[in-house]
Amino acid sequence: GENVEQHPSTLSVQEGDSAVIKCTYSDSASNYFPWYKQELGKGPQLIIDIRSNVGEKKDQRIAVTLNKTAKHFSLHITETQPEDSAVYFCACFTTGHGYGNKLVFGAGTILRVKS
Amino acid sequence: DTEVTQTPKHLVMGMTNKKSLKCEQHMGHRAMYWYKQKAKKPPELMFVYSYEKLSINESVPSRFSPECPNSSLLNLHLHALQPEDSALYLCASSQGRVENEQFFGPGTRLTVL
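Numbering of residues begins from 1 in every chain and follows the order in which that chain's sequence is written. As a convention, the first chain written is A and the first ligand written is 1, with the rest following in written order. Under the rules for a predicted model, residues below a pLDDT of 70 receive no local features and side-chain atom pairs below 80 are neither given nor counted, while totals for whole chains, interfaces and linings still include all residues. Think of the side-chain values as coming from all heavy atoms in the structure, minus any hydrogens and water.

Participant: Any chance you could explain the layout of surface pockets here in plain terms?
Facilitator: Leftover empty space is mapped by rolling, across the atoms, a probe with the size of a water molecule. Note on definitions: the grid is 1 Å and covers protein atoms alone; a cavity is a set of points where a 1.4 Å probe fits but cannot get out; a pocket is an open set with protein on both sides within 12 Å along at least five of seven lines; lining residues have an atom within 4 Å of a point. Grid points are joined across faces, edges and corners, and a volume is the space filled by probe spheres set on the points. In this structure, the largest pocket encloses a volume near 520 Å³. Lining the largest pocket are 22 residues, with Gln38(A), Leu40(A), Val87(A), Ala39(B) and Lys40(B) positioned closest to its centre. A run of H or I in DSSP becomes a helix once it reaches four residues, and a run of E becomes a strand once it reaches two; helices and strands are each numbered from the N terminus. Taken together, the elements giving at least two residues each to the lining of the largest pocket come down to β9 (86–94) and β11 (109–114) of chain A. Within the lining of the largest pocket, the residues separate by chemical class into 9 nonpolar, 6 polar and 7 charged. There is about 300 Å³ of room inside the second largest pocket. For this classification, Asp, Glu, Lys and Arg are treated as charged, while Ala, Val, Leu, Ile, Met, Phe, Trp, Tyr, Cys and Pro are nonpolar and the rest, including Gly, are polar.

Structure follows, in structure tokens:
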């Protein structure tokens, strides 16, 4: 089955700096890659996603890049703010089942933005 | 309405109790999911319903019993749970079964004594 590795496990940055989180995956058939932000006591919230026919996608301070050849994708947050502090999960969509999409998650990155 | 709601927010139960978790969405989504999340871990898929039919069961113990009464509702019936089942139980929904973004609810924090 699909295996997703996520690094780093924790990341501390100064407010205003950039943060980068990287994920690698094993299943070359994976073709949908969302990123989720989870704040304490809340469910994961989709913040950006990318499909395999696109190499980069940007939404204000957040961007995701995808390298299908190398099977890795990254989340980039610029001008970080204290409210960006949370746990971030990458995920891959895998078609290992007949019905229903299945997301396989990375282990998560705890991002701390120091003001 | 673009949210998934879950009740209750918190639940404490004994190992002999029977309880149910509830999930509701009004986005017209036809796929709904139950996930289990332990502290400092990613969500783990338990069940998938597609068009109100159970399509994926990730080898979950029978003490967890899902039910999808209609396209907007998803229940998870709990019976004879173990303390190691204590976790955050998340419900999610998506428009369909293929490559669509999943919207998560806030979760039910379950503690089994």
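Participant: Please explain the packing of aromatic side chains as it appears in this structure.
Facilitator: Both the distance between ring centres and the angle between the ring planes are used here to describe each pair of aromatic rings. A pair of Phe, Tyr and Trp rings is counted when the ring centres sit within 6.5 Å of each other, with Trp represented by its six-membered ring. The angle between the planes then sorts it: under 30 degrees is stacked, over 60 is edge-to-face, the rest tilted. Tallied over the full model, the rule gives 12 aromatic pairs over all chains. Their ring planes at 85° and their centres at 6.2 Å tell us that Phe89(A) and Phe105(A) sit as a pair that is edge-to-face. Taken together, the residues span a long stretch of sequence, with Phe89(A) in strand β9 and Phe105(A) in strand β10 (residues 102–105) at a distance of 16 residues. Taken together, the aromatic side chains of Tyr36(A), Phe89(A), Phe105(A), Tyr33(B), Tyr35(B) and Phe104(B) make up a single cluster linked through ring pairs.

Participant: For this particular structure, what's the right way to read the pairing of strand β4 (residues 32–38) of chain A?
Facilitator: Taken residue by residue, a regular strand's side chains alternate between the two faces of the sheet. All names here are of chain A. For β4, the buried fraction is high: 7 of the 7 residues fall into the buried class. Should DSSP find at least two bridges between two strands, the strands are regarded as paired. One ladder, built from 6 bridges, connects β4 with strand β5 (residues 45–51); its direction is antiparallel. Counterpart to Phe-33 in the pairing with β5 is Ile-50. As paired strands, β4 and β9 are joined by 4 bridges and run antiparallel to one another. Looking at the pairing, Tyr-36 lines up with Phe-89 of β9. Burial classes: relative accessible area under 20% of the type maximum marks a residue as buried, over 50% as exposed, and values in between as partly exposed (1.4 Å probe, protein chains only).

Participant: What is the right way to look at the interface of chain B and chain A in this model?
Facilitator: In many reports, interface size means the accessible area that the parts give up when they come together. The contact criterion used throughout is that any non-hydrogen atoms of two residues lie within 4.5 Å. Taken together, the contact between chain B and chain A spans 25 residues of the former and 23 residues of the latter. Of the roughly 1900 Å² buried at the junction of chain B and chain A (both faces included), carbon and sulfur atoms supply 55%. Think of a salt bridge as a Lys or Arg side-chain nitrogen and an Asp or Glu carboxyl oxygen that are within 4 Å of each other. For the pair chain B and chain A, the interface holds 1 salt bridge. Glu58(B) is the partner of Lys102(A) in a salt bridge, and the nearest nitrogen-oxygen pair spans 2.9 Å. Residues adjacent in sequence count toward polar contacts only when both atoms are side-chain atoms; beyond that, a polar contact is any pair of N or O atoms within 3.5 Å, and within protein one must be able to donate a hydrogen and the other to accept it. Linking chain B with chain A are 3 residue pairs in polar contact (both at pLDDT 80 or more). Broken down by secondary-structure element, the contributors of at least two residues to the side of chain B that touches chain A are β4 (31–37), β5 (44–50), β6 (53–57) and β9 (87–94) of chain B. Once two parts are put together, the accessible area they lose, assessed with a 1.4 Å probe and summed over both, is termed the buried area.

Participant: Just to check I follow, could you spell out the sheet that holds strand β3 (residues 18–25) of chain B for this structure?
Facilitator: To summarise the sheet geometry, strands pair through backbone hydrogen bonds and adopt either a parallel or an antiparallel arrangement. All names here are of chain B. Spatially, β1-β3-β8-β7 is the arrangement adopted by the 4 strands of the open sheet, whose pairing is antiparallel. Only two strands of the sheet have a single partner each, and these edge strands are β1 (4–7) and β7 (64–70). For this sheet, the mean angle separating the axes of adjacent strands, direction not counted, is 20°. Here 7 bridges tie β3 to strand β8 (residues 73–79), and the two strands are oriented antiparallel to one another. If you follow Lys-18 over to β8, its bridge partner there is His-79. Orientation is described by lines fitted to C-alpha atoms, with helices fitted over the stretch in contact, and by angles between N-to-C directions that extend from 0 to 180 degrees.

Participant: What is the right way to look at the sheet that holds strand β6 (residues 56–59) of chain A in this model?
Facilitator: Residue and element names in this part refer to chain A. In spatial order, the strands read β1-β3-β8-β7-β6; together these 5 strands make up an open sheet with antiparallel pairing. The sheet is open, and its two borders are formed by β1 (4–7) and β6, each paired with just one other strand. Taken over all neighbouring pairs, the strand axes of this sheet differ in orientation by 15° on average, direction set aside. Summarising the sheet, β6 and strand β7 (residues 62–67) pair through 4 bridges and their orientation is antiparallel. Bridge assignment links Glu-56 to a residue of β7, and that residue is Thr-65.

Participant: Would you explain empty space enclosed by the protein in this entry?
Facilitator: All names here are of chain B. On inspection of all chains with the given rule, the structure shows 1 cavity of 30 Å³ or more. One number sums up the size of the largest cavity: a volume of about 40 Å³. Looking at the largest cavity, the residues that line it are Arg-30, Ala-31, Met-32, Tyr-49, Tyr-51, Glu-52, Cys-68, Asn-70 and Ser-71. Elements represented by at least two residues in the lining of the largest cavity include exactly β4 and β7. Split into classes, the residues belonging to the lining of the largest cavity amount to 5 nonpolar, 2 polar and 2 charged.

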